[in-house]
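Summary of the model geometry
If you want the building blocks of each chain, they are given just below.
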Amino acid sequence: MAMSWADSVSAAENPAGAASKSAYVPPHLRNRPSIEPPAQASYAGAAALGNDHSGYGVPNVVGSRWSGQRTENRSGYVGGGGRGGGWNGGRGGWDRGREREVNPFTEEDSEPFSEQESSGINFDAYEDIPVETSGDNVPPPVNTFADIDLGEAVNENIRRCKYVKPTPVQRHAIPISLAGRDLMACAQTGSGKTAAFCFPIISGIMRGHFPRPPRPRVAFPLALILSPTRELSCQIHDEAKKFSYQTGVRVVVAYGGAPINQQLRELERGVHILVATPGRLVDLLERARVSLQMIRYLALDEADRMLDMGFEPQIRKIVQQMDMPPPGVRQTMLFSATFPKEIQRLASDFLSSYIFLAVGRVGSSTDLIVQRVEYVQETDKRSHLMDLLHAQRENGVHGKQALTLVFVETKKGADSLEHWLCMNGFPATAIHGDRTQQEREYALRSFKTGHTPIMVATDVAARGLDIPHVAHVVNFDLPNDIDDYVHRIGRTGRAGKSGLATAFFNENNSSLARSLSDLMTEANQEVPAWLSRFAARSNYGGKNRRGGGRFGGRDFRRDSSYNRGAADYYGGANMSSGYASGGYSSHGAAGVTSAWD
DNA sequence: AAAAAAC
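If you're wondering where the values come from, they're calculated on a predicted model, not measured in any experiment.

Conventions we followed
- Residue positions are given per chain, counted from 1 along the sequence in the order it is written.
- Whichever chain is written first becomes A and whichever ligand is written first becomes 1, with later ones labelled in order.
- Only residues with pLDDT of at least 70 get local features here, since the model is predicted, and only at 80 or more are side-chain atom pairs given and counted; chain-wide, interface and lining totals rely on the full set of residues.
- As a rule here, side-chain values come from all non-hydrogen atoms in the structure, and water together with hydrogens is ignored.
- The salt bridge criterion pairs a side-chain nitrogen of Lys or Arg with a carboxyl oxygen of Asp or Glu, the two atoms within 4 Å.
- Helix and strand definitions here come from DSSP, where helices need a minimum of 4 consecutive H or I residues and strands a minimum of 2 consecutive E residues; each element is numbered from the N-terminal end.
- Each residue's exposure class comes from its accessible area (1.4 Å probe, protein chains only) as a fraction of the maximum for that residue type: buried when under 20%, exposed when over 50%, partly exposed otherwise.
- Pairing of aromatic side chains requires ring centres within 6.5 Å, counting the rings of Phe and Tyr and the six-membered ring of Trp. Pairs whose planes differ by under 30 degrees are stacked, by over 60 edge-to-face, and all others tilted.
- UniProt positions are given in the numbering used here, feature names are shortened, and annotations may be inferred rather than shown by experiment.
- Here a residue is considered near a molecule or strand provided that any single heavy atom belonging to it is located within 4 Å of it.
- For the purposes of these results, a polar contact is taken to be a pair of N or O atoms within 3.5 Å, where, inside protein, one atom must be able to donate a hydrogen and its partner to accept one; residues adjacent in sequence count only when each atom of the pair is a side-chain atom.
- Residues are sorted three ways: Asp, Glu, Lys and Arg are charged, Ala, Val, Leu, Ile, Met, Phe, Trp, Tyr, Cys and Pro are nonpolar, and all the rest, Gly among them, are polar.
- Reported domain spans reflect what an automatic or database domain assignment gives.
- Residue contacts are defined here by distance: any two heavy atoms, one from each residue, within 4.5 Å place the two residues in contact.
- Throughout, a disulfide means two cysteine sulfur atoms within 2.5 Å of one another.
- We call two strands paired when DSSP finds no fewer than two bridges between them.
- Here is how to tell: hold the view so the strands point away, follow the path from the first strand over the helix to the second, and if it runs clockwise the crossover is right-handed.
- Axis definition: a line fit to C-alpha positions, over the contact stretch in the case of helices; interaxial angles, taken between N-to-C directions, run 0 to 180 degrees.
- Here the word oblique covers every angle except those under 35 degrees (roughly parallel), over 145 (roughly antiparallel) and from 65 to 115 (roughly perpendicular).
- Handedness of each helix crossing follows the sense of rotation of the near helix against the far helix: counterclockwise by less than a right angle gives left-handed, clockwise gives right-handed.
- By this rule the span expected of a helix is its residue count minus one, scaled by 1.5 Å.

Regarding the pattern of salt bridges
- Applying the stated criterion across every chain, the model contains 26 salt bridges.
- Between E312 and R316 there is a salt bridge, and its shortest N-O distance comes to 2.7 Å. With E312 and R316 both in helix α12 (residues 312–320) and four residues apart, this pair spans about one turn of that helix. Across the pair, R316 and E312 agree in class, each one buried.
- Between K411 and D434 there is a salt bridge, with its nearest N and O atoms 3.3 Å apart. Highlighted residues: K411 in helix α15 (residues 411–423) and D434 in the loop between β11 (428–431) and α16 (437–448), separated in sequence by 23 residues.
- Put simply, R217, E268 and R289 are held in one network by salt bridges that share partners.

Right, here's the structure in full:
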C-alpha cells in the first residue's frame, strides 16, 4: 500500500515511523479508533503537510461521486519510495515544518481602485451562453461551489477571493477534472479558466496518496502548469497561492530572465504545483533539479499557443521525452479561449479519452467588448491614436480608472511609440521581449497601478494577463491571425465588465478582413461597410477560416475531415449541449462577485 | 515576417 506523500514526509522526520514503514498518524489523530477510509486518511495526510491551521484535521466526508478507477490507477503509479531521507534530505523536512506562510490576500497594490473594486459582475450577460461537451460519460455541471466539496481550507480561500458562485467554465470544468478526466476546454477570455484548473489540482493533491519523493535535492512536483509568457506564469502562481493558502499545498514558479538561484531554493523547500515557462523548465530538467516522474496533473494554459510552431518542440520534449508519466497515468488539462482544429489534432497526442468542453463559441470574443475598426493609413496611425487619447482625456476616461493598452507588431515599434507618446504628454510605458525581465515587470506594475495609464505592448501581453481596469485596447497594428486578435481584445471586458477595442485597419491587413468581419458579426458588433467590401474581395479559406453556425464549440473529433479512424480519438457519441444547463441563470444576482478570474 | 521562450 502506498504511503501518502505527506505521511512519508512526516515519517522522514520521525525515524522510527520511517523504519517500520507503517502509516504515520499525525499527533492530533493519535489515540483515536483506527479509521481508514481513504478520504479521511488523505485529509489527515494533508494536514501533516505543514499547515498549522487547527481544525483542519476534522474529518470531512468527500463526495467522491466521480472519483473513478482512473484516480486509483494514478495513486498506484510509481512504486518507488520505500527508503531514504525523504523530502529535502534531512534539511528539516517538508516546508521546514510549519513555516509561517505569507498571507496572499493582502492587496497592497490595488489601492487606487479600491472604491471601484468588486462591483457589478454582469451574470445576466452569460445567461444564454452556449455550452457544448463531447466525449464519454461527461460529468454534469455544478451550480455552486458548495456542490463541489473542495475541502474546508479551499472553501475558505474561495470566500477570501470573494467568489460567490462558479463561472460557466468552472461549473463544467471542475466536475470533469475532479472525475479524473482529461480535458480540452475552450472558454472566452476573462471567464475564470485559471481557477477552473487550479481548484481540482489543489483538491486532488490534498486528497491523494503519493509516494515519497525518491531523491533529495531534486524537486518532484505532482502538478505542472505551463504557460507561454513569464508574466502569465507569475500571475498563475499568484492565483494558485491564494487558492492553496493554508492547505499545505506548495506552489512554486520558475521562469527565465530571473535569477535561477532563488527559484532553486524555492524548489528545494518542496513543491507540489510547479508553474513554469517552457525554457526555464527545460533548463531545470537538464540540470536534474526537477524530475517530472511524479507528475499527476499537467495543465497547459493558452494551450493552442503552447502547441503552435514556436513552442511545440519544447512542449514535446517536456511532456514526451523527459520522465513524465504518459497520458492515462497523469491527468492532462488544456485550456484556451481559442483552439484551431489543427492544434486540437496535435493536442490529442497528449490526451487520453478526453472530454471536449466549449463554453461560448471557440475563439469568440465576448459581446461585452465593443469592437470598432477604423481605416487608418500606416502614416496616419500616430496622429489617429493621439486623437483617440485626447478624446478619452476630454471625456474623463483617461487615467487610473481607465487604462489603455496599445498593441503593436514589433519590439522596435513598441519602443518608438512609447517614446513618442511620452514626448507628446501621454504617460506611457512599454513591454516586449527585448526588455529585461525587471523592465518588463516594472512596466506591467506601472500600468496596473495607473502610474502610466497607457502601455504599448507586443504580443507578449496578448494572452492571459489579467489587468483590471483596462478600458480600451487599441490594435495600433492588427495581428495576422484572428485568434491573436481575440486574445488581445480579451485584455478588456473581463469578469463580466464591458470594454472597448479599437483597431486600425488598412490594406496591409486585408488578409484579416474576412475573419475579422465574421468575428464582429458573431459578437453582434457593427461591421463598417468598407470592411465588408474588403472581406468580400479577399479570398477566404486559409488559416483564418472559421466554421459558421451559432455553436462555436467544436470538437475536431466531430469534424468529418479530421475523424477518419475516429475511434482512436473519440470514445463515444455522447454529447450534450445546452444553454448553461442546470439552472445557472436562476442564480443570477446583480452585483455579486464571482470567480471570474 | 514577428513574437515568445534558457543560460
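Additional details are given in the paragraphs that follow.
Side note on the packing of aromatic side chains
- Throughout the structure, instances matching the rule amount to eleven aromatic pairs.
- With a centroid separation of 6.2 Å and 25 degrees between ring planes, the pair formed by Y375 and F534 is classed as stacked. Of this pair, Y375 sits in strand β9 (residues 369–375) while F534 sits in helix α19 (residues 529–537), placing them 159 residues apart in sequence.
- Look at Y375 and you get partly exposed, because its relative accessible area is 31%.
- Accessibility expressed as a relative area gives 10% for F534, which makes it buried.
- On the numbers, 5.1 Å between centres and 70 degrees between planes, the contact of F505 with F534 is edge-to-face.

Considerations on the UniProt feature "domain: DEAD-box RNA helicase Q" (unreviewed entry) in chain A
- Annotation from UniProt places "domain: DEAD-box RNA helicase Q" (unreviewed entry) at residues 143–171.
- Annotation note: span residues 143–171, helix share 45%, strand share 0%, distance between end C-alpha atoms 6 Å.

Considerations on the protein's contact with DNA strand B
- Looking at DNA strand B, there are 23 residues lining it, with R280, T410, K411, G433 and R440 nearest.
- R230 places a polar side-chain atom, nitrogen or oxygen, 3.0 Å from a phosphate oxygen of DNA strand B.
- The contact in question runs from a phosphate oxygen of DNA strand B to an N or O atom on the side chain of T458, over 2.9 Å.
- Taken together, the residues of the surface near DNA strand B break down into four nonpolar, twelve polar and seven charged.

Some details on the domain arrangement of chain A
- In terms of domains, chain A is made up of domain 1 (119–359) and domain 2 (369–536).
- Inter-centroid distance (C-alpha atoms) of domain 1 to domain 2 is 29 Å.
- The partner domain 2 presents 20 residues to the 22 residues of domain 1 that form the contact.
- Here domain 1 is connected to domain 2 by three salt bridges.
- Across the salt bridge formed by E302 and R463, the nearest N and O atoms sit 2.8 Å from each other.
- Taken together, the links from domain 1 to domain 2 amount to eleven residue pairs in polar contact (both at pLDDT 80 or more).
- Sorting elements by how many residues they give to the side of domain 1 that touches domain 2 places helix α8 (residues 230–243) first, with five residues.
- In terms of residue class, the side of domain 1 that touches domain 2 is made up of seven nonpolar, ten polar and five charged.

With respect to the state of the cysteines
- Counted according to the given criterion, the structure contains zero disulfides.
- For the unlinked cysteine C234, the closest cysteine sulfur is that of C198, found at 14 Å.

With respect to the pairing of β11
- The alternating pattern of β11 places A428 and A430 on one face and T429 and I431 on the opposite face, and all of these are buried.
- Relative to strand β12 (residues 454–457), β11 is paired through four bridges, and the arrangement is parallel. Across the sheet, A430 pairs through a bridge with V456, a residue of β12.
- Once the chain exits β11 it traverses α16 before rejoining the sheet at β12, and the crossover so formed is right-handed.

Quick notes on the packing of helix α14 (residues 381–394) against α15
- At a minimum axis separation of 12 Å, α14 and α15 run at an interaxial angle of 50 degrees. Considering their axes alone, α14 and α15 lie oblique with respect to each other. The two elements α14 and α15 meet at a crossing, and its hand is right-handed. Residue-level contacts link R382, S383, L385, M386 and L389 of α14 to S416, L417, W420 and L421 of α15.
- Of the residues contributing to the contact of α14 with α15, the split by class is six nonpolar, two polar and one charged.

Here we look at α16
- The end-to-end C-alpha distance of α16 is 16 Å, a good match for the 16 Å that twelve residues give at a rise of 1.5 Å each.
- By the burial criterion, the buried members of α16 are Q437, R440, A443, L444, S446 and F447.
- Contact partners of the buried residues in α16: α8, β10 (403–407), β11, β12 and β13 (470–475).
- One or two positions beyond α16, positive phi appears at G450, with a value near 85 degrees.

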